[in-house]
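Here is what each chain is made of, one letter per residue.
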Amino acid sequence: MGHLITVATYSLNQWALDFEGNLQRILESIRISKERGATLRVGPELEITGYGCMDHFLEGDTGLHAWEVLAEILKSDEAKDIVCDIGMPVTHKNVIYNCRVIIHGGQILLIRPKMWMANDGNYRELRWFTPWAKHRQVEDHYLPRIIHAVTGQTKVPFGDAVISTVDTCIGVELCEELFTPASPHILMGLDGVEIFTNSSGSHHELRKLYRRIELMKEATMKVGGIYLYANQQGCDGDRLYYDGCALIVVNGRVLAQGSQFSLRDVEVVTATVDIEDVRAHRATSSRSNQAAEAERYKRIEVGFSLSDGLADEIKDFSELVVGKLKEVRYHKPEEEIALGPACWLWDYLRRSRTQGYFIPLSGGIDSCATSVIVYSMCRLVASAARNGDTQVIEDARRIAGEPEDSNYAPTDPREFAHRIFHSCYMGTENSSAATRKRAKDLADAIGSYHIDLNMDTLVTAVRELFAYVTGVKPRYRVHGGTSAENLALQNIQARLRMVIAYLFAQLMPWVRGRQGGLLVLGSANVDESLRGYFTKYDCSSADINPIGAISKTDLKKFIAYARDAFDLPILTDFLEAVPTAELEPITETYVQADEADMGMTYDELSVFGRLRKVEKCGPWSMFTKLCHEWGSFLSPQQVAEKVKHFFFEYARNRHKMTTLTPSYHAEQYSPDDNRFDLRPFLYPARFPWQFKKIDAAAARWPDRSTVHAQEARDQQAIQDHKDD
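Residues numbered from 1 in each chain as written. Predicted model: local features only at pLDDT ≥ 70, side-chain atom pairs only at ≥ 80, totals over all residues. Heavy atoms only, no water.

## Describing the pattern of salt bridges
Between side chains of opposite charge, a pair can form when the charged atoms approach closely. To keep it simple, the criterion reads: For this document, the term salt bridge refers to a Lys or Arg side-chain nitrogen within 4 Å of an Asp or Glu carboxyl oxygen. Three exposure classes are used, based on accessible area relative to the maximum for each residue type with a 1.4 Å probe and protein chains only: buried under 20%, partly exposed in between, and exposed over 50%. The helix count covers DSSP runs of H or I at least four residues long, the strand count covers runs of E at least two residues long, and both are numbered beginning at the N terminus.
Summed over all chains, the structure comprises 46 salt bridges. One salt bridge in this structure joins aspartate 18 and arginine 25, with 3.0 Å as the shortest N-O distance. Overall, the relative accessible area of 11% leaves arginine 25 in the buried class. A salt bridge links arginine 112 to glutamate 177; the nearest nitrogen and oxygen atoms lie 2.9 Å apart. One end of the pair, arginine 112, is in strand β5 (residues 107-113); the other, glutamate 177, is in helix α5 (residues 176-179), with 65 residues separating them in the sequence. According to the relative accessible area criterion, arginine 112 is buried, its value standing at 0%. Glutamate 177 sits in the buried class, given a relative accessible area of 0%.

## Side note on unusual backbone geometry
One non-glycine residue, leucine 17, lies in the positive phi region at around 70°. Structurally, the position occupied by leucine 17 is in the loop between β1 (4-12) and α1 (19-35). On the basis of relative accessibility, which here comes to 34%, the residue leucine 17 falls in the partly exposed class.

## So, the packing of aromatic side chains
Quick note on the threshold: Here a Phe, Tyr or Trp ring, Trp counted by its six-membered ring, pairs with any other such ring whose centre lies within 6.5 Å, and the pair is stacked when the planes are under 30 degrees apart, edge-to-face when over 60, and tilted otherwise. When the NZ atom of lysine or the CZ atom of arginine is within 6 Å of a ring's centre and also within 35 degrees of its normal, the charge is said to sit over that ring.
As enumerated under the stated definition, the model contains 30 aromatic pairs in all. Three or more aromatic residues link up through ring pairs in this structure, and these residues are Phe608, Trp630, Phe633, Phe646, Phe647, Tyr650, Tyr683, Phe687 and Phe691. One cation-aromatic arrangement involves lysine 613 over phenylalanine 676; the distance from NZ or CZ to the ring centre is 4.6 Å. Between lysine 656 and the ring centre of phenylalanine 534, over which it is positioned, the NZ or CZ distance is 5.3 Å.

## Some thoughts on the state of the cysteines
Put simply, the test is: Here, two cysteine sulfur atoms that lie within 2.5 Å of each other are counted as a disulfide.
Inspection of the entire model under this criterion finds zero disulfides. The closest cysteine sulfur to the non-disulfide-bonded cysteine 343 is located on cysteine 235, 11 Å from its own sulfur. Given a relative accessible area of 2%, cysteine 343 falls into the buried group. In this structure cysteine 368 is a free cysteine whose sulfur lies 15 Å from that of cysteine 378, the closest cysteine sulfur available.

## A word on the packing of helix α11 (residues 365-386) against helix α13 (residues 413-420)
The relative placement of two packed helices is expressed as an angle between their axes plus a distance between the axes. Our working rule: Between N-to-C directions, angles span 0 to 180 degrees; the directions come from axes that are lines fitted to C-alpha atoms, helices contributing only their stretch in contact. The labels follow the angle: roughly parallel below 35 degrees, roughly antiparallel above 145, roughly perpendicular from 65 to 115, and oblique for the rest. Should the near helix be turned anticlockwise from the far one by less than a right angle, the crossing is left-handed, and should it be turned clockwise, the crossing is right-handed. Residues count as neighbours in contact if any of their non-hydrogen atoms are within 4.5 Å of one another. When residues are grouped by polarity, Ala, Val, Leu, Ile, Met, Phe, Trp, Tyr, Cys and Pro land in nonpolar, Asp, Glu, Lys and Arg in charged, and all others, Gly among them, in polar.
Where α11 meets α13, the axes come as close as 8 Å, and the angle between the chain directions of the two elements is 120°. One element, α11, and the other, α13, form an angle in the oblique class. The crossing of α11 and α13 is right-handed. Contacts from Tyr375, Met377, Cys378, Arg379, Val381, Ala382 and Arg386 of α11 reach α13 at Pro413, Arg414, Phe416, Ala417 and Ile420. Counted by class, the contact of α11 with α13 contains nine nonpolar, no polar and three charged residues.

## A few points about helix α24 (residues 688-700)
Threshold: The span one expects for a helix is its residue count, reduced by one, times 1.5 Å. Note that the arc is defined by the directions from the helix axis to the C-beta atoms.
With 13 residues, α24 extends 18 Å from end C-alpha to end C-alpha; this agrees with the ideal 18 Å at 1.5 Å per step. Listed as buried for α24 are Phe691, Ile694, Ala697 and Ala698. Within α24, the buried residues cover an arc of 125° as seen down the axis, which keeps them to one side. In α24, those exposed residues whose orientation departs by more than 90 degrees from the buried face are Pro688, Trp689, Lys692, Ala699 and Arg700. In this fold, the buried residues of α24 make contact with α22 (619-629) and α23 (636-652).

## Quick word on the nonpolar core
This is how the line gets drawn: Remark: nonpolar core denotes a set of buried residues (Ala, Val, Leu, Ile, Met, Phe, Trp, Tyr, Cys) joined through side-chain atoms within 4.5 Å.
Grouped together as the largest cluster of nonpolar side chains are 58 residues, with contacts concentrated most on Trp346, Val372, Met377 and Leu571. Top contributing element to this core by residue count: α11, with 11 residues.

## Topic: a nonpolar patch on the surface
Condition: Exposure above 30% relative accessible area and no salt bridge define the residues that can form patches, which grow by joining like charges within 9 Å and nonpolar side chains of Val, Leu, Ile, Met, Phe, Trp and Tyr within 5 Å. Using the Shrake-Rupley algorithm and a 1.4 Å probe, accessible areas are obtained, with residue cover drawn only from the displayed protein chains.
On the surface, a cluster of nonpolar side chains totalling about 430 Å² of accessible area is made up of Leu503, Leu507, Trp510 and Val511. Following the sequence through the fold, leucine 503 ends up in helix α16 (residues 483-511).

## Describing the sheet that holds strand β20 (residues 519-520)
Spelled out, the test is: Two strands make a pair as long as DSSP finds a minimum of two bridges between them.
A sheet is described by the order of its strands in space; here four strands give the open sequence β19-β18-β17-β20, paired in parallel fashion. Single-partner strands in this sheet number two, and they are β19 (449-454) and β20. When strand β17 (residues 357-360) meets β20, the two strands line up parallel, connected through two bridges. Residue pairing across strands places tyrosine 357 opposite leucine 519, the latter belonging to β20.

Shape descriptors only; they carry no functional weight alone.
Take a look at the structure:
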């Protein structure tokens, strides 16, 4: 042991175009790093501007302000005597690059552009940035005058190079580059790079963290090295929640791990490591043979070291990781639902500077889940307040309408919920006493300011208006009406609820003696959006939706988890209730049920959604796969009918995705039309060519089903429980 280095990596809650706030959070992170003795600091991707600037990256102002912020960092006392790896866009020879700027002692050492772009799913980096294609090559970059005035430098190295200090070598790997088959860390490691920095803008998805960590463990297990992973954390202005979890990984072992979900704006993760451990790990014949043949990287040589070089005068062993390591922390999916959307809602609320949330609470499981997520947000706020988080307390006071000299602290989640969360049961003659009671009981349990109203007079007024103008009065199906009449009468109720929701959201703060307005929450889940099982411009039309990309199956697991974790026994009633829209009259022989209306179960919808988006299946591919997966309990003809019914309903309702409320992104099969799932919204909904091929195969293929469908589902449920 003789080369101990203390390194620091971060999760920062940056906000697109918030240059002042982003600067302060960067400086705070550097200050904390130095307090802990770190000599190398790594921040998240594009941390100066915020990752989510999107088309603002094409504006000259964004690049100008990024340089201005960097100049402030270079001048600051915080950035002295520490190597800082900082992210910002840089225009080089009139081409915009996504870059890391490595600085030390008031000087820029290297600008390293990103080489492999994230350009699928939610990512569109090629729209704004060009990848650096000159691998292991460096050019001169001429600095703007505002930087020259601070550093005295006219030009600096720009390109694919590494930093060679007196005692080690540092290389940069930027976000997506870790996920590519030929990641830069392989060649850099073979050329002697011992410390890898990875600055990311990686968003949360259920069950995604495991893959991210395994890639870092595998990378450093194979080539050896110290891997510093920094990530953005929070909502920086759109549908994504960046889930932090800064990491320090050495030789395949996770030494330090930050939180995945947090209300903190700055979270620093540090560890003291021995660089000799990397050298010992690499002392193998096969690795040495490959390294001897490795192509050379340009090395930017500097005259300082990251370690102090005094093996017998180590400053502090407290952070030196020895012995048995802690296990890597992974949240269960239901815990992720409780935490991720809750943190996203908090960021959205405080940054929009509104006074709280309003939800139409139907007594069903979807609006229940949304309400419980808001309660989870209140629990996180209360916990942070009890721990003395001054930023959270300051934001909570402002949102709750407290005066500037108030000493209020939101330490009780139910009390805080009563101040900022408003729920409303909007009943009609079709509503049941059971849903009304469930809504009230849930509101009481979580503390929301609850309103219970009947809107029959509004529904009747619209219905009578139509009858007065046309001379005919529409009727429900159970009263002898047609399907068109039945659907129109349901939609009247649904759309009026949206109008009422926005009226109350705008005026409830005034009613309670406060200023401002409330954000309206939607509660359509991903399966219903995929199937189109909602009314356009009804309560699915809201300001934001925390469950819009979460499946019904996962929501039920979340509610079961929250019942115990949050001590909310009322949630049992929601789990046991049959999902129903309650838009049609209840009779002795008929009660409206969601799955009957849709013609498919929620579990089936989850399967359809995964195959359509994640597995990239059209009707034919989905049919062939499901004949294999479901062949033990369904005949090919039955599979064919289910697949055709799904695609028909999906296609004819796709237009609804164009007006879908912005939703927290949580699932890979989200049908969000904004940028994640880009598809037409006018389809040949009967897919004549595809369906004809499916019908021909279904008639020809043998029936191999031997198990009843319910029995098969029970067996799968048992297996899923074991897997969890």
